[in-house]
6 protein chains.
Amino acid sequence: MCLYHAKKKPLAKEVSLKRVAERTPGFSGADLANLLNEAAILAARRNKKVVEMDELFESIEKVMMGPERKSQVISDRDKKITAYHEAGHAVVAHFLPNADPIQKVSIIARGQVGGYTLKLPTKDRRYHSKSEFLDELAVLLAGHTTEKEIFGEVTTGATSDLRQATNIARRLITDFGMSEALGPRTFGDKEEMIFLGREIHEQRDYSEKVAEQIDKEIFSFIEGAIKQAQEIIKGKREYLEKVAKALLEKETLEKEEFEKIVGRKKLDKKG
Amino acid sequence: MCLYHAKKKPLAKEVSLKRVAERTPGFSGADLANLLNEAAILAARRNKKVVEMDELFESIEKVMMGPERKSQVISDRDKKITAYHEAGHAVVAHFLPNADPIQKVSIIARGQVGGYTLKLPTKDRRYHSKSEFLDELAVLLAGHTTEKEIFGEVTTGATSDLRQATNIARRLITDFGMSEALGPRTFGDKEEMIFLGREIHEQRDYSEKVAEQIDKEIFSFIEGAIKQAQEIIKGKREYLEKVAKALLEKETLEKEEFEKIVGRKKLDKKG
Amino acid sequence: MCLYHAKKKPLAKEVSLKRVAERTPGFSGADLANLLNEAAILAARRNKKVVEMDELFESIEKVMMGPERKSQVISDRDKKITAYHEAGHAVVAHFLPNADPIQKVSIIARGQVGGYTLKLPTKDRRYHSKSEFLDELAVLLAGHTTEKEIFGEVTTGATSDLRQATNIARRLITDFGMSEALGPRTFGDKEEMIFLGREIHEQRDYSEKVAEQIDKEIFSFIEGAIKQAQEIIKGKREYLEKVAKALLEKETLEKEEFEKIVGRKKLDKKG
Amino acid sequence: MCLYHAKKKPLAKEVSLKRVAERTPGFSGADLANLLNEAAILAARRNKKVVEMDELFESIEKVMMGPERKSQVISDRDKKITAYHEAGHAVVAHFLPNADPIQKVSIIARGQVGGYTLKLPTKDRRYHSKSEFLDELAVLLAGHTTEKEIFGEVTTGATSDLRQATNIARRLITDFGMSEALGPRTFGDKEEMIFLGREIHEQRDYSEKVAEQIDKEIFSFIEGAIKQAQEIIKGKREYLEKVAKALLEKETLEKEEFEKIVGRKKLDKKG
Amino acid sequence: MCLYHAKKKPLAKEVSLKRVAERTPGFSGADLANLLNEAAILAARRNKKVVEMDELFESIEKVMMGPERKSQVISDRDKKITAYHEAGHAVVAHFLPNADPIQKVSIIARGQVGGYTLKLPTKDRRYHSKSEFLDELAVLLAGHTTEKEIFGEVTTGATSDLRQATNIARRLITDFGMSEALGPRTFGDKEEMIFLGREIHEQRDYSEKVAEQIDKEIFSFIEGAIKQAQEIIKGKREYLEKVAKALLEKETLEKEEFEKIVGRKKLDKKG
Amino acid sequence: MCLYHAKKKPLAKEVSLKRVAERTPGFSGADLANLLNEAAILAARRNKKVVEMDELFESIEKVMMGPERKSQVISDRDKKITAYHEAGHAVVAHFLPNADPIQKVSIIARGQVGGYTLKLPTKDRRYHSKSEFLDELAVLLAGHTTEKEIFGEVTTGATSDLRQATNIARRLITDFGMSEALGPRTFGDKEEMIFLGREIHEQRDYSEKVAEQIDKEIFSFIEGAIKQAQEIIKGKREYLEKVAKALLEKETLEKEEFEKIVGRKKLDKKG
C-alpha cells in the first residue's frame, strides 16, 4: 500500500525508501502511506516538483508525534527542565550497551509532548531480550532521574515515561517470564474480553500473595533501572550538561551533533 | 475561536486580551468565547456601546463559578464561618512560596459555593513540580484547618476542598511518581473503559499491600499539608483575623486590598 | 413556582407564607406547590372559601409523610412501643444543645411510619457542624435506646432510624473529614456511575485496612451516640414517662403541649 | 378489592370474614380475592349454592402452598421422616412463649412441600421483637433438629427451613440492629440496584473483619436456636412421639386435635 | 404428554411402562416422550410392528447418554483404563450400603463418555440423607481411585466425576446443612440473577474465613470418600479384577452378569 | 464434509488419506476441507492435474500455522536464537518417554511464529495421563530453558510457550485432579457465562487460601518441568548443538534427518 502511494507521487531520484524505512521501525503500511502524503503536501508548500529526503524526514516526526508547536510560548524554566530531561534520556541511552543509538534529541514541543528523543533501532528484530528491556527501563526513567539530580525535585513531565516503564516492568514478569523470582510462567488471563465493544485487559487468575510478589518485582526492576540511570547521569554529568546546554541553544540535535558531544555509541548487541 | 468571537463584538480600545488571558489560565477556546459573550450581554445591560475591562473581569468569575447569589439570606454564623474559611485559604496561599498569588477573596455566594478565593497563576506552565502540589495541598486544607483553629470544630463547608486534596495526594503517588516511599512508577490501569458511554476511572492492578502503602502515603501527604497550614495559621493569626474581618465588612477583597493587609507575596518559584 | 400557585388560590389574609416556609426547610418549589394544592383541596372539603393556616399546617405533614392512617387498628402493645419510641426521640432532641427544637410528636400512623417526631430547624443553614451531626445521631438512636431501656428489648420499629444513623456516621468520616482517627480526607470515588440508568453509589478506592478503620469509627460514633442518648433517657426518665403517657392519651403533642411537660429548649447554637 | 369480589359471590350467612382474615395474616388484597375465587369454585364442585366456611378454610391452604398432591406415592420412610419433622416444628412452636400457636399440622404433600405446619398469629402487629425472631429461629430449625435426634442423621427435607433461618439470623444483625456484638447499626447498601430488570440484593459496604463478625453472629444465633429446639425436643419427647404417630395415622391434625395431645399454648406475649 | 405419545405408538402387550419408569428416575415428561419416539424408530428399523421392551430399554441409554459409538477405534490401553475405571464405580457402589444397586456396566463409548455404569434407584424418594450423599461421593471417586490403584497414575477420564463430586460435597455444606463443622445454615445468595438471559449461580454472602472453612470441609468430604473407595477397592480387589476382565471380554455386563461375579447387593437403606 | 471436498478434487492414486489423517490429529472436518482446498490450489500452481502427497503435506503446515514467510529478512542473531530454541523443544521431546516423537523441526517463519517443531501423536487417544502432561510441560519449557542455557538470557520468543505451559499446569490442578497437594476435586465454576456473546472462563468458587495453594502447585509443576528440561539439555548438549547447527544450515529437518542425529525415539507409553 505504501509503495502504491509513493509511486503516485513524484519522488526525487535520490530518495532512498530504504533510509526512510530504517527510521520508521514498527510503522504499518497505513503509517507509511500517511508519511508519504505528508511529505507530498510539504513539497507542494515549498513549491517543489518532487518530494525530496528533507520532506520525508520532516514528515516522519510529524506522523510520529504530531505537528511542531513552535508558536507556543514556553517559559525559560520549562525549557530548562525539558532540556535536562531529554538530555538525560539521550545520554543514558547512549552509554547503555543494549539501548538503540540516538537519532535526534529535541526540545521543540510536538503534539502532547514538550520535547523528544528519537532512537534508531539498528535492526527490525523478532525477539527482545531481557537486557534490552532492562536498558530500555533505565532510558525511560532517565528523564525523571535527571530532573531529580539537577533540580532536586521532579515534575509532571515524566508522567508518561513512568507509565510506560511500569508497563514494561509488569510485562517482563507476567508475559515474558523474565523474573527470576516468579519464574517462567505467565500471570493473568489475557484472552480479550470484548465487552460492549471494549477490551478489558486482564482477569486476575492468581492469588493475592502472587500479586504482592509481582508488585515486589516491579518495584525491584524500577529501582534497578533508576540506579543504572543515576550511575550514568553522575558518571557522565559533564556530557549531560553539554547536551542540555546545546539543546537550550539549538533546540534540536541531530545524530551527528549529538555524537560530536558524546562520542560514537559502543554497541554490545549480539547479532 | 475566541478571537473570532471577540472581533465580532465591539471591544473598547483599552481592552487588553492579554490581561484577560492572564486571569483565565486553563480556559479552553469555548470558555473564552463564553466569557466574551457574557461580557457583551453585561455591556448591553449597562447600555454601553463597547465591552470594557470591567465587563470582562466580572464575567470571568461568572463563567468560572456561576452567577452571584447576593439575594440569598445568609446567617451571621455562616457568614463568619465563610469569612474565616476563605481568609484561611488566602493567607496560607500568600505565605507559601510555591502557591500562586491571591487575585481576589470573596464571601459572596456564587453558584454552589458560599465564598471563594481566586489565585493568579504567574505563568501558564507545562510542568508542575512536587513543591507546587504540596503547597497546593496546604492551601486546599487551609479552610478546614482554619475552621478548627478558630471555632474549635469543622463544618461541611470544606467537603469539596477535602475531595480535591485527596485526589491530588493520590495522583502525586499513583500518576506522578512523587512519593519517596512508592517510587517512580504508576499504579492503576487508567486506560479509559468506556462502558455504555461511561468512564470508569481505574482498574486496580496492584496488590492489597500496595493499596495499604498508597493509603499510608495519602494520609502522610494530607497530614504534612495540615501541619504546614496550621503553622501559617498560628504564625500569621493576626493577618488571618484582619482578612476575615475585612471580608465580613466589605464581602470582597481585590488583590490590592488583600495585599494592603498581608504585604506583597514573596515568590520562590524558579523560572 | 410556589408563589405563582399560591397566588392563584384564594389564601386567607392572615396566612403567613413565612411561617409556612419556617416549617418546611428543605422543601423544593415543587414540594411547596404540592403543599398549597393539598391545602386548597382540604379547604374545599371543609367548604371554606379561602385557604387558612390550619389547612396549610395539616397539609405539611401529609406532604412530608403521606396521609394519616387513623382507621388502621393498632394493638395496645404497638401503641405503647410507639409512644415510648417517639417520646425517646423528642426528649433526647430536647435536651441536646445542637439538635433542633421539637415542633410536634405523634403516634398516629402516617404512610409507612407508626409515629413521628417533627423538629423545627431554627434557620436554613449552609454548613453543618460535627456537633450538630453528633446530636442528630443521638436523636436518631434515641427511639431504639428507649425501647431497650423501657421494655428490655428492641423491635423492628427502629430499622429506618438505624439505617439513617449509619449513613450519617459513614458520611462524617468519608465525606466530611470529621473523624479524628482518619483525618481530613475523603474516601470512595463517588462520581456517579450511570450504569444503564442506575446510579451505583461508591467505588472503593482504599485498602481493606482503611475499610476496617472506617468500620471502627462508625462503631465508635454509634456507640458514643447511644451513650449520650442513654444518659438523657436515664437522667430525664421522668419527662420521658410523662411525654409517653401524654402521647398514649392525646396521640399528638404540639410544640406547646410538649414544652409544657419538658420546659423550653435551651439552644447552644452559635449564630 | 377483596370485599368487592366477596360480595359478588353468594357467601353463606354464617361465613365470618373476620375468622378468614385471622387465618390469613400478611395476605394482600389480591391474595384474598384469589382465595374467595378458589372457595367459589370448590363450592360449585360440591354443588353448593353458597360458599361456606369449609370451602374458605380449604382454599386458604391451597392459595398458600399450592394444591394437595394426595395421589403421589410416598414411601413409608419419607412419610415417617415428614411426620417427625413436622411434629418437631409444631411441638417446639407450642412450647416457646413468643411463637404463634399452631393452627394445623399435616404430612399431606402440597405443591413443593412434603408436609407443613401452620401457625395462627394472634394479632397483626406492626413491630416484631428480638424474642419473637429468636423463637421463630428455633421453630424453623426444629425440623432439622428432630430428624437428627430421632433418626441420627438429617435429610434434604430441611433445606428451605435452613435458608429461611439463615436469612432471619442475617437480618437480625444487618437490618434490625439486634446483635449485641455488632450493635445498633445497619450493614450493606440495600438501595435496590435495578440492573436490567433485576434486583441485586446487597452491595457490601463494610470491611472483611466485619463480614467475619457477622458470620460469627449468624453462627451464634443458629447455634442458640438449635440448643433451644433440642431442649424442647428432649424435654417434650413424649409429646413429639405422640404428635408424629397421630400424623402417621391421620395425616392432618387440626388445632383442637393437636392441643388434645400437647395441651393449650401458654402465651407470654406482651400486649 | 408422555402417555399421549405412548398411546399413539403401537406398544406390545407385554410392555410394562412401570418397569420403564423404574429405570428412568428423574426423567421429565419430555424425556419420556423422547424415549418412546426413539423406541418406535428402533422398532421400525427392526421391521417390528410393535414396540417391545428391548427397544425401550435400548432407547433409555441412548436418551441418557447419546448414541453408541461402536465404530470408533479405541486403543487397548484406553479400553483397559475404561474397564478398570467402570469396574471401580460398579464394585464400590455394590459394597456400599446406601448406594443404589448396579443395573448395567459398559465400556462401549456413548456420546461424550468412554464407558458408563448405570444404577437402579430402588425407589423415587423425596428426601436424601447425608449417608446416601457420602456413599454417592465414594462411588463417583471410585473410578479415579481405581486408576491410581491399578495403573499407578490417573488420566483425564475422571474429569467429570471429579466435578460432580466437588459439586455434591459443596452442596452438602452450603445447601443441606450437613457439615458438622459449619452447622445447619446455608451459604451463598442463590436467588437466580437473570442477567441478560444468563443465570449466575451464587453471590458470596459470607466472609473469606467462612470460604476457607467451606474449602476445608469440601477437602475433608472428598478425602473421606477417597478412603472409603480405597478400602473397598483393596478389600474387594479380586472382584474388581474379575469385573474388569469380564468387561474387556464382553464390553457390557447386565445386572445379572454383574451379580454373578460379585453376589447380590445387601441393602441397608431404611424405608 | 471433508470427504466430500476430497472427492470433488482429483487426488493422485497413491494419495493415502490415512497418512494425512495421522499427521493431523485434532483437525476438525472444516480443517481437513481447508487442507484439501489448499493442496488443490498448490497443485494448480504447479500445473499438476492431480493432488499428490507433496501438496497435501505442505498444506498441513500452512493450515496449522499460516503461510511461510521466507521473504522476511531475519537477522543472524534471531536465526541463531530460533535454531537453539527449536532444537531445545525437539531434543527434550525426543528423550522424554511420554512425549510424542518429532515429525519436523523448522526455523522458517510461518504466520506469527519464528520457527516450529511438529510432533506426531502415535495414536488418537481418549485419555491423557499425568505423565504425558508432565513431559508436555517439559517440552514446552525447553525452548526457554535452552535460550537461558546457551545465551545466558531469555527473549520474548518463548512467550506463547510459557502461556501454554501455565494453562496446562493450571488445568492439571483445577480440572484433572492430578495435584497430590490439592487432591481429586475441581476448582472454579466453569459453566460458561455467555455475557453479551462473550465467554468468561471461570468464576472463582474457592477461598484465597486455596488460590495460594493452586499458585504454589503451578510454580511447583513449572519448576519440575524446567529441571527435567535442563537435565536433558545438559546431558544431551552434544545432540542439541548438532540439531541447532543442522537447522542453521538446512532450515528444516524432517523426521528422518532429525533421527539421523539423535537416534530413534524410545517410547515408554503403555498401550
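All values derive from a computational prediction rather than experimental measurement. (Residues numbered from 1 in each chain as written. Chains lettered and ligands numbered in written order. Predicted model: local features only at pLDDT ≥ 70, side-chain atom pairs only at ≥ 80, totals over all residues. Heavy atoms only, no water.)

A. How the structure looks around the packing of helix 3 (residues 29–45) of chain A against helix 4 (residues 53–65) of chain A. Residues and elements named next belong to chain A. With their axes 8 Å apart at the nearest point, helix 3 and helix 4 run at an angle of 125° to one another. As the angle between them shows, helix 3 and helix 4 are arranged oblique. As for the relative orientation of helix 3 and helix 4, their crossing is right-handed in sense. Of the residues in helix 4, those touching helix 3 at Asp31, Asn34, Leu35, Leu36, Glu38, Ala39, Leu42 and Ala43 are Glu55, Leu56, Glu58, Ser59, Ile60, Lys62 and Val63. For the contact of helix 3 with helix 4, a count of residues per class yields 8 nonpolar, 2 polar and 5 charged. (Axes fitted to C-alpha atoms, helices over the stretch in contact; angles between N-to-C directions. Helix = DSSP H or I, 4+ residues; strand = E, 2+ residues; numbered from the N terminus. Parallel < 35°, antiparallel > 145°, perpendicular 65-115°, else oblique. Left-handed = near helix turned anticlockwise from the far one by under 90°. Contact = heavy atoms within 4.5 Å. Nonpolar A, V, L, I, M, F, W, Y, C, P; charged D, E, K, R; others polar.)

B. Region of the structure containing the packing of aromatic side chains. A full pass over the atoms with the stated rule returns 30 aromatic pairs over all chains. Seen from their ring centres, D:Phe187 and D:Tyr206 are 6.0 Å apart, and the 85° between their planes marks the pair as edge-to-face. One end of the pair, D:Phe187, is in the loop between helix 7 (159–174) and strand 3 (193–195); the other, D:Tyr206, is in the loop between strand 4 (198–200) and helix 8 (208–235), and 19 residues separate them in sequence. There is no split in this pair, since D:Phe187 and D:Tyr206 are both buried. Through a chain of ring-to-ring contacts, three or more aromatic side chains come together here, namely A:Phe187, A:Tyr206 and F:Phe219. (Phe/Tyr/Trp six-rings, centres within 6.5 Å; stacked < 30°, edge-to-face > 60°. Buried < 20%, exposed > 50% of the residue type's maximum accessible area, 1.4 Å probe, protein only.)

C. The sheet that holds strand 1 (residues 102–106) of chain B, seen in detail. All names here are of chain B. In spatial order, the strands read 2-1-5; together these 3 strands make up an open sheet with antiparallel pairing. The open sheet is flanked by strand 2 (116–119) and strand 5 (252–254), the only strands paired with a single partner. Neighbour to neighbour, the strand axes of the sheet diverge by 10° on average, direction disregarded. Of the pairings in the sheet, the one linking strand 1 to strand 2 comprises 4 bridges and is antiparallel in character. Following the sheet pairing, Ile102 is matched in strand 2 by Lys119. (Pairing = 2+ DSSP bridges.)

D. Region of the structure containing the pattern of salt bridges. Going through the model one piece at a time under the given rule, you end up with 114 salt bridges over all chains. Among the salt bridges present, the one from C:Asp175 reaches C:Arg171, with a minimum N-O distance of 2.7 Å. Across the salt bridge formed by D:Lys250 and D:Glu257, the nearest N and O atoms sit 3.7 Å from each other. Its relative accessible area of 46% is what places D:Lys250 among the partly exposed residues. The partly exposed category is assigned to D:Glu257, whose relative accessible area is 26%. Through salt bridges with shared partners, a single network forms among A:Arg46, A:Lys48, A:Glu52, A:Glu55 and A:Glu58. (Salt bridge = Lys/Arg side-chain N within 4 Å of Asp/Glu carboxyl O.)

E. Here's a closer look at helix 9 (residues 237–250) of chain E. Residues and elements named next belong to chain E. A rise of 1.5 Å per residue sets the reference length of helix 9, with its 14 residues, at 20 Å; its end C-alpha atoms lie 20 Å apart and thus fit the reference within 8%. Close packing links the buried residues of helix 9 with helix 5 (76–95), strand 1 (102–106), helix 6 (130–151), helix 8 (208–235), strand 5 (252–254) and helix 10 (255–262). Taken from the residues just after helix 9, Glu251 is the one with a positive phi, measuring 70°. (Expected span 1.5 Å × (residues − 1).)

F. Seen up close, the sheet that holds strand 2 (residues 116–119) of chain A. Residues and elements named next belong to chain A. Pairing in this open sheet of 3 strands is antiparallel, and the strands run 2-1-5 from one edge to the other. Among the strands making up the open sheet, the edge pair consists of strand 2 and strand 5 (252–254). In this sheet, neighbouring strand axes are inclined to one another by 10° on average, regardless of whether the strands run parallel or antiparallel. Alignment of strand 1 (residues 102–106) against strand 5, held across 3 bridges, turns out to be antiparallel. Pairing of Lys104 across the sheet is with Glu254, part of strand 5. In the packing of helix 10 (residues 255–262) onto the sheet, the strands contacted are strand 1 and strand 5, and the crossing angle to strand 5 comes to about 85°.

G. Representation of helix 5 (residues 76–95) of chain F in the model. In a regular helix each residue adds 1.5 Å, so 20 residues correspond to 28 Å; helix 5 of chain F covers 28 Å between its end C-alpha atoms and thus fits that length. In terms of burial, helix 5 of chain F is largely enclosed, as 16 of its 20 residues are buried.

H. Quick peek at a negative patch on the surface. A contiguous patch of negative charge, built from A:Glu212, B:Glu212, C:Glu212, D:Glu212, E:Glu212 and F:Glu212, is present on the exposed surface. Summarising the element assignment, B:Glu212 is placed in helix 8 (residues 208–235). (Patch = residues over 30% accessible without salt bridge, like charges linked within 9 Å, V, L, I, M, F, W, Y side chains within 5 Å. Areas by Shrake-Rupley, 256 points an atom, 1.4 Å probe, with all protein chains shown as cover. Lys, Arg positive; Asp, Glu negative; His and termini not counted. Charge placed at Lys NZ, Arg CZ, Asp CG, Glu CD.)

I. Up close: the side chain of B:Asp135. Residues and elements named next belong to chain B. In this fold, Asp135 is placed in helix 6 (residues 130–151). Among buried Asp, Glu, Lys and Arg side chains, Asp135 stands out as unpaired, with Lys265 the closest opposite charge at 6.8 Å. Non-local contacts of Asp135, meaning those with residues more than four positions away in its chain, are made with Leu96, Pro97, Asn98, Ala99 and Gln228.

J. Here's a closer look at the side chain of A:Lys265. Residue and element names in this part refer to chain A. Looking at the element boundaries, Lys265 is found in the segment after helix 10. Within the local environment of Lys265, its side chain forms a polar contact with the backbone oxygen of Leu96, the two atoms lying 2.6 Å apart. Engagement of the side chain of Lys265 in a polar contact is seen with the backbone oxygen of Ala99, the distance being 3.1 Å. (Polar contact = N/O pair within 3.5 Å; in protein donor to acceptor, adjacent residues only side chain to side chain.)

The values are spatial; any link to function lies outside them.
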